[in-house]
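Architecture at a glance
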Amino acid sequence: MQNGLFDDLLVIDCASYIAGPAAGTIFADLGARVIKVEPPAAGDSYRLLRYLPGMPVSEIDYPWLLDNRSKESLALDLKHEEARPVFEDLIRRADVFITNFPGPIRERLHLREEDILSLNDRIIYASLTPYGEEGPEKDRTGYDATAWWARSGLMHAVRPVPDAEPAMSVPGMGDHATAASLYGAIMTGLYKREKTGKGSAVSTSLLANGLWSNALYMQAVLCEADFSVRLMRGQRGALTELYPCKDGRWFMLAMLNQVREWPLLTKCIGKPELQEDPRFDTAEKRQTNAPDLLAILEETFRSADWAEWQPRFQEYGLTVGPIAEPSDHVNCPQIKANNFLPEVENAAAIQAGLRTVDSPIRLHGEPRRAPAIAPAIGEHTRAILTGLLSYDAAKVDTLLATGALGALERGKAAE
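Reference entry: report on the structure contained in this document. (Residues numbered from 1 in each chain as written. Predicted model: local features only at pLDDT ≥ 70, side-chain atom pairs only at ≥ 80, totals over all residues. Heavy atoms only, no water.)

1. Some details on the overall build of the chain
Across its full length, the chain carries 17 helices and ten strands. Across its three principal axes, the chain shows a C-alpha extent of roughly 90 × 50 × 45 Å. For the chain, with 415 residues in total, the buried portion stands at 43%. Considering only intrachain contacts with a sequence separation of at least 6, the fraction spanning at least 24 residues in the chain is 69%. Surface exposure of the chain reaches about 21,900 Å², of which carbon and sulfur atoms provide 56%. Of the charged side chains in the chain, 44 are positive and 57 negative, and the gap between their average positions amounts to 1 Å. (Helix = DSSP H or I, 4+ residues; strand = E, 2+ residues; numbered from the N terminus. Buried < 20%, exposed > 50% of the residue type's maximum accessible area, 1.4 Å probe, protein only. Contact = heavy atoms within 4.5 Å. Areas by Shrake-Rupley, 256 points an atom, 1.4 Å probe, with all protein chains shown as cover. Lys, Arg positive; Asp, Glu negative; His and termini not counted. Charge placed at Lys NZ, Arg CZ, Asp CG, Glu CD.)

Pasting the structure below:
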C-alpha cells in the first residue's frame, strides 16, 4: 500500500463485539495502524458469535473477519497487575482509544476517560455505550438488537402490516451504522486536537443512533402527530408499493413524481391505455382507485421474472428497488464497479478469492488499504512489544511467563 492519510495514526481497539471495533475497522481500511487488545487464551468473545443458533453456518469465522480485518492482536490480561505497565506504555503512544466496556468494568480496570487522558493528553478517548453516558441506564448492558432496534422504536415501526408481530433485526444491523457515527465522533476529536493540541473524550450510543435512524417518526411524535392510522398494503397508493414477480422475487415501486413517471410506467408495462382510463387519469383518482390499480399492476408484474422487468425499468428511467438477497451482490456489476466487496489479501489458505464488505466511507484521491486477514489471538503480541514498545526479547519472555500476556507462536497455540 502507498502511504495513506492515516498511516501515522495509532488506534487502540479495547472493545468487544461490533460497534466499537467496527469503528476501528474503518480507520484500518483508511490506513491507520489498529491494535486489538483482547484477553489471552479465549480472546474477544465476538469470536464465538458465528456459533449462535440461527447464524449462517461456515467454517470461516466471518464475523471476526469482517470487523477485525487488517488489525493486529495484542493478547493482554487487563486484570493482571503485570499487564498494566504494558497497557500504559501503549496508551502513551496512541492517538485513539476505543472502548465499549460497561462503566463498572472501566472503573475496575482503570479504563475511564480520566484514567486514559491522564496518561496521554493528546489521545482521543472514544466511548460507545448502549444507552448513553448519563442517566439511570448508563451502565446497562445492551446490543444493537436491544438498544438500537427495539429500544429506539424501530422494531415497533418496521412491520409489513400493522398487526404483524415485531421482527428481529439482522445481526450487526445497528452496530455498523453506529460504528460510522463513532468514527465521525473520533474524527471530530482529532480535528479539535489539530486546532488545540489537546485530546478529548467523544462518545455515541446505540440508542442515540437508533433514535436518529427513527428520527422522522420521533420528530412526528414530538410534534404531536396522529399515529392512530397505520396503512395496509395498497392503502399508501399503488405506485409506492411492493410487488412480486413471476419467479417470486419482489421489488419496491417508488413513484413520487407521477407527472413524469406515470406515462412512462404505462408504456413500460405495455399498457399505455391506462393513461386514458377514467379511473386513473389524475393522481387523485389513482389514489382513490388504488385497489383497482394495484390489482392490475400485480397481475402484470407476476407475468414475468424480475430479470425481465429490471432492464425495462432501467430503460424507462423508473425508480424501483429490488428486494435483494445477500447472494445477489456477489456478482453484481454495480457492486464490482465500486469495489464494495474487495478481495482479502493473503487469504488463499482460507478460501481462494475470499472477499469482505468494505466500510462505506471514501476519501477521493487517497489510497485505501487492501483488507488483510483478521488476526489470531495474540498473533502480534511479540512484534508490538519488541517493535512499537521497544521491549527486549528477555523482557517479553518474562511477561509471557507471568500470564499477563499471550503470544501466538508459529505452529503453536497462543501461550
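Back to the text.
2. Describing the sheet that holds strand β10 (residues 405-406)
Picture the strands of a sheet paired through backbone hydrogen bonds; they go either parallel or antiparallel. The strand order across the open sheet built from seven strands is β6-β5-β4-β1-β2-β3-β10, with neighbouring strands paired in mixed fashion. With partners counted over all chains shown, the strands left at the sheet margins are β6 (200-205) and β10, one partner each. One ladder, built from four bridges, connects strand β1 (residues 10-13) with strand β2 (residues 33-38); its direction is parallel. Note that in β2 the partner of Ile-12 across the bridge is Ile-35. Set on the sheet, helix α8 (residues 173-196) makes contact with β4 (96-99), β5 (124-129) and β6; between it and β6 the angle comes to about 165 degrees. In the packing of helix α16 (residues 381-388) onto the sheet, the strands contacted are β1, β2, β3 (72-76) and β10, and the crossing angle to β3 comes to about 90 degrees. (Pairing = 2+ DSSP bridges. Axes fitted to C-alpha atoms, helices over the stretch in contact; angles between N-to-C directions.)

3. Concerning the packing of aromatic side chains
This structure, assessed with the given rule, holds 17 aromatic pairs. Plain terms: the ring middles of Phe-6 and Phe-27 are 5.6 Å apart, the flat faces sit at 40 degrees to each other, and that makes the pair tilted. In this pair, Phe-6 is assigned in the segment before β1 and Phe-27 in helix α1 (residues 19-29), connecting sequence segments 21 residues apart. The class of Phe-6 is buried, set by a relative accessible area of 9%. (Phe/Tyr/Trp six-rings, centres within 6.5 Å; stacked < 30°, edge-to-face > 60°.)

4. Quick notes on the nonpolar core
In terms of nonpolar packing, the biggest core is built from 33 residues, with Val-11, Phe-27, Ile-98 and Ile-186 touching the most fellow members. Every element with two or more residues in this core is listed here: α1, β4, β5, α6 (144-150), α7 (154-157), α8 and α9 (206-213). Within the second largest apolar cluster, 32 residues are counted, among which are Phe-101, Tyr-125, Ala-404 and Leu-405. (Core = buried A, V, L, I, M, F, W, Y, C linked by side-chain atoms within 4.5 Å.)

5. Some details on a nonpolar patch on the surface
Taken together, the side chains of Leu-216, Tyr-217, Val-221 and Phe-227 present a nonpolar region at the surface, about 440 Å² in accessible area. As for its placement among the helices and strands, Phe-227 is situated in the loop between α10 (215-222) and β7 (240-244). Residue Phe-227 is classed as partly exposed on the basis of its relative accessible area of 36%. (Patch = residues over 30% accessible without salt bridge, like charges linked within 9 Å, V, L, I, M, F, W, Y side chains within 5 Å. Salt bridge = Lys/Arg side-chain N within 4 Å of Asp/Glu carboxyl O.)

6. Description of the layout of surface pockets
The computed volume of the largest pocket comes to approximately 1,300 Å³. When residues of the lining of the largest pocket are traced back to their parent elements, those giving at least two are α1, α2 (62-68) and α8. Element by element, the count of residues in the lining of the largest pocket is highest for α2, at five residues. In this structure, the second largest pocket spans a volume of roughly 1,100 Å³. Contributing to the lining of the second largest pocket are 41 residues, with Ser-16, Tyr-17, Ser-45, Asn-100 and Tyr-143 lying nearest its centre. For the lining of the second largest pocket, the secondary-structure elements that each account for two or more residues are β2, α4 (103-109), β5 and α6. No other element matches α4, which puts three residues into the lining of the second largest pocket. For the lining of the second largest pocket, a count of residues per class yields 25 nonpolar, nine polar and seven charged. (1 Å grid on protein atoms, 1.4 Å probe; cavity = no way out; pocket = protein on both sides within 12 Å on 5 of 7 lines; lining within 4 Å. Points joined across faces, edges and corners; volume = space filled by probe spheres on them. Nonpolar A, V, L, I, M, F, W, Y, C, P; charged D, E, K, R; others polar.)

7. Describing empty space enclosed by the protein
Under the defined criterion, the tally for this structure stands at one cavity of 30 Å³ or more. Space inside the largest cavity adds up to approximately 30 Å³. Contributing to the lining of the largest cavity are Leu-5, Phe-6, Leu-30, Leu-363, Glu-366 and Pro-367. Taken together, the residues of the lining of the largest cavity break down into five nonpolar, no polar and one charged.

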